[in-house]
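Tertiary structure, described
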Amino acid sequence: MLCRVSKLTTAVKRMVVGRPFRSDSLGHTLLPKRIALPVFASDALSSVAYAPEEIFLVLSTAGLSAYVYTPWIGLAVAAVMAVVVASYRQNVHAYPSGGGDYEVATVNLGPMAGLTVGSALLVDYVLTVAVSISSAASNIGSAVPFVATHKVLFAVAAIVLLTAVNLRGVRESGTAFSIPTYGFMIGVFLMLAWGVVRIFVFGDELHAESSGFSLNGNESHLQGIAFAFLIARAFSSGCAALTGVEAISNGVPAFRKPKSRNAATTLLMLGAIAVTLLMGIILMARKLGVVFAADKADLVGAPPGYEQKTLIAQLADSIFSGFPAGFFYITIVTALILVLAANTAFNGFPVLGSILAQDRFLPRQLHTRGDRLAFSNGILFLSGAAIAFVVLFGAEVTRLIQLYIVGVFVSFVLSQTGMLRHWTRLLRTETDPAVRRRMLRSRVINAIGLTMTGAVLIIVLLTKFLAGAWIAIVTMAAIFGLMRLIRRHYDTVGRELEEQEFTGVLPSRTHSIVLVSKLHLPTRRALAYARATRPDTLEAVTVNVDEPDTRALVREWADSDIPVPLKVIESPYREITKPVVDYVKRVRKDSPRDVVTVFIPEYVVGHWWEQLLHNQSALRLKGRLLFEPGVMVTSVPWQLSSSAKARRPEVVNAPGAVRRGYEDRS
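- The chain is annotated in an unreviewed UniProt entry as Low-affinity putrescine importer PlaP of Nocardia cerradoensis.
- Its UniProt record gives the chain a comment under Subcellular location (unreviewed entry), which states: "Membrane".

1. A closer look at the overall build of the chain
- For the chain, the count of helices and strands is 24 helices and seven strands.
- Counting all 666 residues of the chain, 49% fall into the buried class.
- Intrachain contacts of the chain at a sequence separation of at least 6 include 81% that bridge at least 24 residues.
- Here the chain has roughly 32,000 Å² of accessible surface; of this, 62% comes from carbon and sulfur atoms.

2. Examining the pattern of salt bridges
- Tallying each qualifying case throughout the model produces nine salt bridges.
- Asp204 is the salt-bridge partner of Arg198, the closest N and O atoms lying 3.0 Å from each other.
- Taking relative accessible area as the criterion, Arg198 reaches 13% and is therefore assigned buried.

3. Let's talk about the confidence of the model for the chain
- Confidence in the prediction of the chain, expressed as mean pLDDT, is 80, and 84% of residues score 70 or more.
- This stretch, residues 1-17, has a pLDDT under 50; its non-local contacts, to residues over four places away or in other chains, come to 26 contacts.
- Segment residues 648-652 is flagged for pLDDT under 50; beyond a separation of four residues in sequence, or across chains, it makes four contacts in the model.

4. Examining the sheet that holds strand β7 (residues 631-639)
- Pairing in this open sheet of five strands is parallel, and the strands run β5-β4-β3-β6-β7 from one edge to the other. Since the sheet does not close on itself, it has two edges, and those belong to β5 (566-570) and β7, each with one partner. Pairs of neighbouring strands in the sheet enclose a mean axial angle of 30 degrees, with direction left out of account.
- Bridging between strand β3 (residues 510-515) and strand β4 (residues 537-544) involves five bridges; their strand directions are parallel. In the strand pairing of β4, Leu515 is matched with Val541.

5. Here's the deal with the nonpolar core
- Membership of the largest hydrophobic core comes to 146 residues, with the highest contact counts inside it found for Leu45 and Met191.
- Counting residues per element, this core draws most heavily on helix α2 (residues 33-59), which supplies 17 residues.

6. Quick word on the pairing of strand β6 (residues 595-604)
- Taken across its ten residues, β6 has eight buried, putting it largely inside the fold.
- As judged from the five bridges shared by β3 and β6, these two strands associate in the parallel manner. If you follow Ile513 over to β6, its bridge partner there is Val598.
- In this structure, β6 lies alongside β7, joined through nine bridges in parallel fashion. Bridge pairing links Thr597 to Met632 in β7.

7. Some thoughts on unusual backbone geometry
- In the Ramachandran plot, Arg360 falls in the positive-phi region, its phi being about 65 degrees despite a non-glycine side chain.
- Following the sequence through the fold, Arg360 ends up in the loop between α14 (342-358) and α15 (376-392).

8. Considering the packing of helix α7 (residues 151-167) against α14
- At a minimum axis distance of 11 Å, the contact between α7 and α14 shows a crossing angle of 50 degrees. As the angle between them shows, α7 and α14 are arranged oblique. The chirality of how α7 crosses α14 is right-handed. Between α7 and α14, the residues in contact are Ile159, Leu162, Thr163 and Asn166 and Ala342, Asn343, Phe346 and Asn347, respectively.
- Its residues assigned to classes, the contact of α7 with α14 shows four nonpolar, four polar and no charged.

9. With respect to the pairing of β3
- Of all six residues in β3, five are buried, a share of seventy percent or more.
- Where the polypeptide runs from β3 across helix α19 (residues 521-532) and back to β4, its parallel neighbour, the crossover connection is right-handed.

10. Some details on the side chain of Ser415
- Of note, Ser415 is situated in helix α17 (residues 406-427).
- What makes Ser415 buried here is its relative accessible area of 0%.
- Among all residues touching Ser415, those that are not within four sequence positions of it are Tyr88, Asn91, Asp101 and Val104.

11. Digging into the packing of aromatic side chains
- Within this structure, the stated rule accounts for ten aromatic pairs.
- With a centroid separation of 6.0 Å and an interplanar angle of 15 degrees, the aromatic rings of Phe349 and Phe381 are classed as stacked. You can see Phe349 sitting in helix α14 and its partner Phe381 sitting in helix α15, a full 32 residues away along the chain.
- Taking the relative accessible area as the measure of exposure, Phe349 reaches 3% and is therefore buried.
- The interplanar angle of 80 degrees and the centroid separation of 5.7 Å between the aromatic rings of Tyr529 and Phe599 together place this pair among those described as edge-to-face.

12. A short note on the environment of Leu420
- In this structure, Leu420 sits in helix α17.
- A relative accessible area of 19% places Leu420 in the buried class.
- A C-alpha to C-alpha distance of 8.7 Å links Leu420 and Leu450, two positions 30 residues apart in sequence.

13. Considerations on the side chain of Asn91
- One can find Asn91 in helix α3 (residues 70-94).
- Judged by its relative accessible area of 2%, Asn91 falls in the buried class.
- Leave out the neighbours within four places in its chain, and Asn91 touches Asp101, Val104, Ser415, Gln416, Met419 and Asn446.

14. Here we look at helix α12 (residues 311-319)
- For α12, the tally of buried residues reaches eight of nine residues, placing the bulk of the element in the interior.
- By the burial criterion, the buried members of α12 are Leu311, Ile312, Ala313, Gln314, Leu315, Ala316, Ser318 and Ile319.

About the thresholds
Residues numbered from 1 in each chain as written. Predicted model: local features only at pLDDT ≥ 70, side-chain atom pairs only at ≥ 80, totals over all residues. Heavy atoms only, no water. UniProt positions renumbered as here; feature names shortened; annotations may be inferred. Helix = DSSP H or I, 4+ residues; strand = E, 2+ residues; numbered from the N terminus. Buried < 20%, exposed > 50% of the residue type's maximum accessible area, 1.4 Å probe, protein only. Contact = heavy atoms within 4.5 Å. Areas by Shrake-Rupley, 256 points an atom, 1.4 Å probe, with all protein chains shown as cover. Salt bridge = Lys/Arg side-chain N within 4 Å of Asp/Glu carboxyl O. pLDDT = per-residue confidence, 0-100. Pairing = 2+ DSSP bridges. Axes fitted to C-alpha atoms, helices over the stretch in contact; angles between N-to-C directions. Core = buried A, V, L, I, M, F, W, Y, C linked by side-chain atoms within 4.5 Å. Parallel < 35°, antiparallel > 145°, perpendicular 65-115°, else oblique. Left-handed = near helix turned anticlockwise from the far one by under 90°. Nonpolar A, V, L, I, M, F, W, Y, C, P; charged D, E, K, R; others polar. Right-handed = clockwise from strand over helix to strand, strands pointing away. Phe/Tyr/Trp six-rings, centres within 6.5 Å; stacked < 30°, edge-to-face > 60°.

Printed below as a string of structure tokens:
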């Protein structure tokens, strides 16, 4: 049965994941720029869909008059994004191995700084999946009531689907995600362009459905520090548009050659598209008079039963008025890209996890590629962590968004600091004037990036710490501590295995023990195998847990022709494991230089339920004996008839096969 279960598991795995790829076909999974853009840009582009909405939501606290600041806040976010993109273009050229911020910080600032970046990015990747999928559930839920009432179920199902797609390999996931990502980019560009044409060419008066509404308390203008805090909070919420920008620097190995140049070009395209869409959506929303509130009850003038559409849906409804297909197209591709935004994390997290595992900060299993040459264990780990956050926070974007973007700006700051040290170190030895000019220019770019991202990090911490950002910080600290413990464990094991010298002294004698429960065929096979190893001492041992059965076994043993003595170990409490372990310890104590080998007969069964009925004592014994120094444990299998039925007969094409009954009769 175990064989059948294994075959069934393999069949299911092949159906979900696909056939395995050879290791030498890794180069064929690398991405061209046209596929890399949607693979790595979906997170940043999806952030453009809700970052403007977050700015309007925060400013609505101060009333409609505060909306006048939305373009300026948008420009500030766009400026930060432009600087970050320019800075990361330096990163991918200087560090193309895929370590990204982690490698930059580790090499230039030390292991602790690198570990801080690693823990921050791991948390941010998990939150990227949780926030994006939860946001998609909220958007789809506004049109499909079932999703609205089962958001957690929808989010979990979406994460499982993304996991399955990514387990099939990076090329297939890139192809699957390129169509909706390009569909979103083209659709929003066309929407904004058509809006400009209608307003400035045809002279149409376009108004959002909420343009005639007002807000409760819109005359209670905030003043001084309170208003400045509100602007800062709106800015920090808008900076959610920057999440995902760093993913390209972590995914450089996934690009085709020349890797650095292709990654830098993709990063530039991402920045240009994201900034254009961000500013276009904000300016169009102001032009159409969109009014947005966190609570629809604050909308004054809204008709009874009014359901507030998302900001981008209101734009599509107004611009494509009279053309419903355009409205539905924009809402569908927006919902899709919110789901697919998580794919950036599914590409970045496993690569970063592999690098951390290679440096022995995470379990080594995360460094291993799966059948499809993807880092399968990292993908599964990310999926499980994201599902945990979704379930824990009920797939509520409002609660999850407060934890967001802290980690990415921590990594931004440390990365830019590391790049400053990188260029400064190289400038000390570089003498070529042209090369020095390029390095100085790069250092200026990274210095500006450090200044701006540092200021944003301070603003984010001040405005979001008590609102939930502290949870992300605590999680980062916990992961940081866990990774240090993992590294300490690996270092300890390495020292223990390498620093101690192997004496090469052979054991003086071998003492073999065959465990006996009954005198049947499995016991006879174990005895025969033990005798074939030619030990210095061989004995059979049984544990007396039932007096009549033990007496019968002793009589049968005495009447048999077995030349091996049988020793009976008393067990007043009817245990098996402890008396055997204690006996083995006594043998070791009496002869410390001897090696004790324990032979355990085991059944090989064909049905899963048979496994529950056999071998439980053997499993417990092996689990205990493996911890005893100088003790070897040998399992002697005996295949039952059910296991023979589960095995497919092996075709033997050899001389005499027909005579021996091994011919192929298929």
